[in-house]
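Structural characterization, general
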Amino acid sequence: EAELREKGFMGMRKTKLVCTVGPACMDALPALARGGMGVARVNLCHGGRDWHRAAMREVRRLNDEEGFCVSLMVDTEGSQLLVADHGGAASVKAEDCSEWLFTSKKTDKAHPITMHVNFDKFSEGILVGDELVIDGGMATFQVTEKIGSDLRCKCTDPGLLLPRAKLSFWRDGKLVERNFGLPTLSTKDWADIEFGITEGVDCIALSFVKDANDIKSLKTYLSRRSLEHIKIFAKIESLESLKNLKGIVEASDGVMVARGDLGVQVPLEQIPAIQEAIVELCRNLNKPVIVASQLLESMVEYPTPTRAEVT
Ligand SMILES: Nc1ncnc2c1ncn2[C@@H]1O[C@H](COP(=O)(O)OP(=O)(O)OP(=O)(O)O)[C@@H](O)[C@H]1O
Ligand SMILES: CC(=O)C(=O)O
């Protein structure tokens, strides 16, 4: 505890804990700090500015008034294909063989079940017969018809669609790779970074990094403003980032193996080997590496983790 108070994330402890702060743990922040939280991560995909500000200020208050040294990380939203609106329910069940329509237009149609996708070019390059996979395997559909830019699909593997469910398309067992030319940092991401700077963040986790240049341009931006102390963590969560891995790791202050999104672009069974390779590369290059997502997933429902999770 003394080391945590004094040095936090920069302490000598080799394995550190990064905790994503959501509304459910706002009151638990002092206990999390005492329990060993090295970094409080605020994911800018969720919640609003006021909430993010309150969470960051509470962490800073703990540091200033109670002597902790918890680092503050903001994580950018980035651009990715997802279900922007699925009617407000906690989840929507996709039944076997049910018919669905995926569209970028807002609509009130009830049948077939209509999902609003966040990007108007989402179906570009997609063919009838392709597979549409939700959240890396939560549910699977087959594209049965293209109607303009909308996709009519049939559910082939039932499952749940959660809020902000991520979409990927597969053909012959391979991801359909498309380049929409979206920047790594959107206008919203730049505004979020400015906000993070104002709130005194220690590190920025950069989502959907494509290559080393993404890191270099953010570093240049920070150094022009004498903000070199803010560390940049590259999130490895796309095929493109895997192709440019070494350059990205070299350019970054640290790396996050973002297994949630990586599992959307890479078959699940390949994740362990990829994770191991990234961790080894980071250790060789002496860069801190965060292994993220679903570490204690069962604790969303239950008070104790599973044996497998703690092993
Ligand atoms: N600020 C927040 N407000 C509300 N819910 C949040 C917030 N931060 C996290 N959550 C909830 O916790 C879940 C896990 O968050 P986490 O950041 O680990 O993963 P994520 O949503 O998959 O996004 P990413 O892929 O960027 O990590 C989210 O899906 C969301 O339900
Ligand atoms: C942490 C994160 O962004 C992911 O696992 O996708």
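Residues numbered from 1 in each chain as written. Chains lettered and ligands numbered in written order. Predicted model: local features only at pLDDT ≥ 70, side-chain atom pairs only at ≥ 80, totals over all residues. Heavy atoms only, no water.

All right, on to unusual backbone geometry then. Phi is positive for Asp-135, close to 45°, though the residue is something other than glycine. Along the chain, Asp-135 turns up in the loop between strand 8 (131-134) and strand 9 (139-147). Positive phi outside glycine occurs at Ser-226, with the angle close to 55°. The topology assignment puts Ser-226 in the loop between helix 5 (212-224) and strand 15 (231-236). With a relative accessible area of 54%, Ser-226 lands in the exposed category. (Helix = DSSP H or I, 4+ residues; strand = E, 2+ residues; numbered from the N terminus. Buried < 20%, exposed > 50% of the residue type's maximum accessible area, 1.4 Å probe, protein only.)

Looking at the assigned domains, one finds that the protein chain contains domain 1 (2-79 + 182-310) and domain 2 (83-175). If you average the C-alpha positions of domain 1 and of domain 2, the two centres end up 29 Å apart. Contact between domain 1 and domain 2 buries roughly 740 Å² in total, counting both sides, with carbon and sulfur atoms accounting for 64%. Applying the counting rule to domain 1 against domain 2 returns 2 salt bridges. Between Glu-77 and Arg-164 there is a salt bridge, and its shortest N-O distance comes to 3.4 Å. (Domains from an automatic or database assignment. Buried area = accessible area lost by both parts, 1.4 Å probe. Salt bridge = Lys/Arg side-chain N within 4 Å of Asp/Glu carboxyl O.)

Let us now look at the site of ligand 1. Inspection of the region around ligand 1 gives Thr-20, Val-21, Pro-23, Arg-41, Asn-43, Cys-45, His-46, Gly-47, Trp-51, Lys-166, Lys-235 and Asp-261 as its neighbouring residues. Contact between ligand 1 and Arg-41: an oxygen atom at 2.8 Å from a side-chain N or O atom of the residue. Here His-46 contributes a side-chain N or O atom positioned 2.6 Å from an oxygen atom of ligand 1. Protein chains bury 62% of the 600 Å² of accessible surface belonging to ligand 1 in isolation. (Near = heavy atom within 4 Å. Polar contact = N/O pair within 3.5 Å; in protein donor to acceptor, adjacent residues only side chain to side chain. Areas by Shrake-Rupley, 256 points an atom, 1.4 Å probe, with all protein chains shown as cover.)

For the rest of this paragraph, the subject is helix 9 (residues 271-284). When the terminal C-alpha atoms of helix 9 are compared, their 20 Å separation across 14 residues agrees well with the 20 Å that a helix rising 1.5 Å per residue should span. Listed as buried for helix 9 are Ile-271, Ile-274, Gln-275, Ile-278, Leu-281 and Cys-282. Taken down its axis, helix 9 places every buried residue within 130° of arc, on the same side. For helix 9, the exposed residues set more than 90 degrees away from the buried face come down to Pro-272, Ala-273, Glu-276, Arg-283 and Asn-284. Structurally, helix 9 contributes buried residues whose contacts are with strand 15, helix 6 (239-243), helix 7 (245-251), strand 16 (254-258), helix 8 (259-265) and strand 17 (289-292). Of the residues one or two after helix 9, Asn-286 is the one with positive phi, at around 60°. (Expected span 1.5 Å × (residues − 1). Arc of directions from axis to C-beta. Contact = heavy atoms within 4.5 Å.)

Residues Met-138, Leu-160 and Leu-162 make up a contiguous nonpolar surface patch of about 210 Å² in total accessible area. Looking at the secondary structure, you find Leu-160 in strand 11 (residues 159-161). Of the residues examined, Leu-160 reaches a relative accessible area of 34% and is grouped as partly exposed. (Patch = residues over 30% accessible without salt bridge, like charges linked within 9 Å, V, L, I, M, F, W, Y side chains within 5 Å.)

With that settled, consider helix 4 (residues 187-198). Between its first and last C-alpha atoms helix 4 spans 17 Å; for 12 residues at 1.5 Å apiece the expected length is 16 Å, and the two agree. In this fold, the buried residues of helix 4 make contact with helix 3 (49-66), strand 14 (203-206) and helix 5.

If you check the shell around ligand 2, you find Arg-41, Lys-235, Glu-237, Met-256, Ala-258, Arg-259, Gly-260, Asp-261, Ala-292 and Ser-293 and nothing else. Here an oxygen atom of ligand 2 sits 2.7 Å away from a polar atom, N or O, in the main chain of Gly-260. Here Asp-261 contributes a backbone N or O atom positioned 2.9 Å from an oxygen atom of ligand 2. Contributions of two or more residues to the shell around ligand 2 are made by strand 16 and helix 8. Take the shell around ligand 2: its biggest share by element is 3 residues, from helix 8. Per-class residue counts for the shell around ligand 2 are 3 nonpolar, 2 polar and 5 charged. (Nonpolar A, V, L, I, M, F, W, Y, C, P; charged D, E, K, R; others polar.)

Right, let's talk about the sheet that holds strand 10 (residues 150-157) for a bit. Strand order in the open sheet formed by 8 strands is 4-7-6-10-9-8-12-13, with mixed pairing between adjacent strands. This sheet does not close on itself; its edge strands, each paired only once, are strand 4 (83-85) and strand 13 (174-175). (Pairing = 2+ DSSP bridges.)

Attention now goes to the pattern of salt bridges. Charged atoms that come close allow side chains of opposite charge to pair. For the structure on display, the rule yields 23 salt bridges. Here Lys-188 makes a salt bridge to Glu-77, at a shortest N to O gap of 2.9 Å. In this pair, Lys-188 is assigned in helix 4 and Glu-77 in the loop between strand 3 (71-75) and strand 4, connecting sequence segments 111 residues apart. Residue Lys-188 is classed as partly exposed on the basis of its relative accessible area, which comes to 38%.

Bringing the sheet that holds strand 15 into the picture now. Taken in spatial order, the 7 strands of this open sheet run 1-2-3-14-15-16-17, and their pairing is parallel. Of all strands in the sheet, those bounded by a partner on one side alone are strand 1 (17-20) and strand 17. On average, each strand axis in the sheet is inclined to that of its neighbour by 25°, with strand direction left out of account. Across 5 bridges, strand 2 (residues 37-43) lies against strand 3 in parallel orientation. Among the inter-strand pairings, Asn-43 is bridged to a residue of strand 3, identified as Asp-75. (Axes fitted to C-alpha atoms, helices over the stretch in contact; angles between N-to-C directions.)

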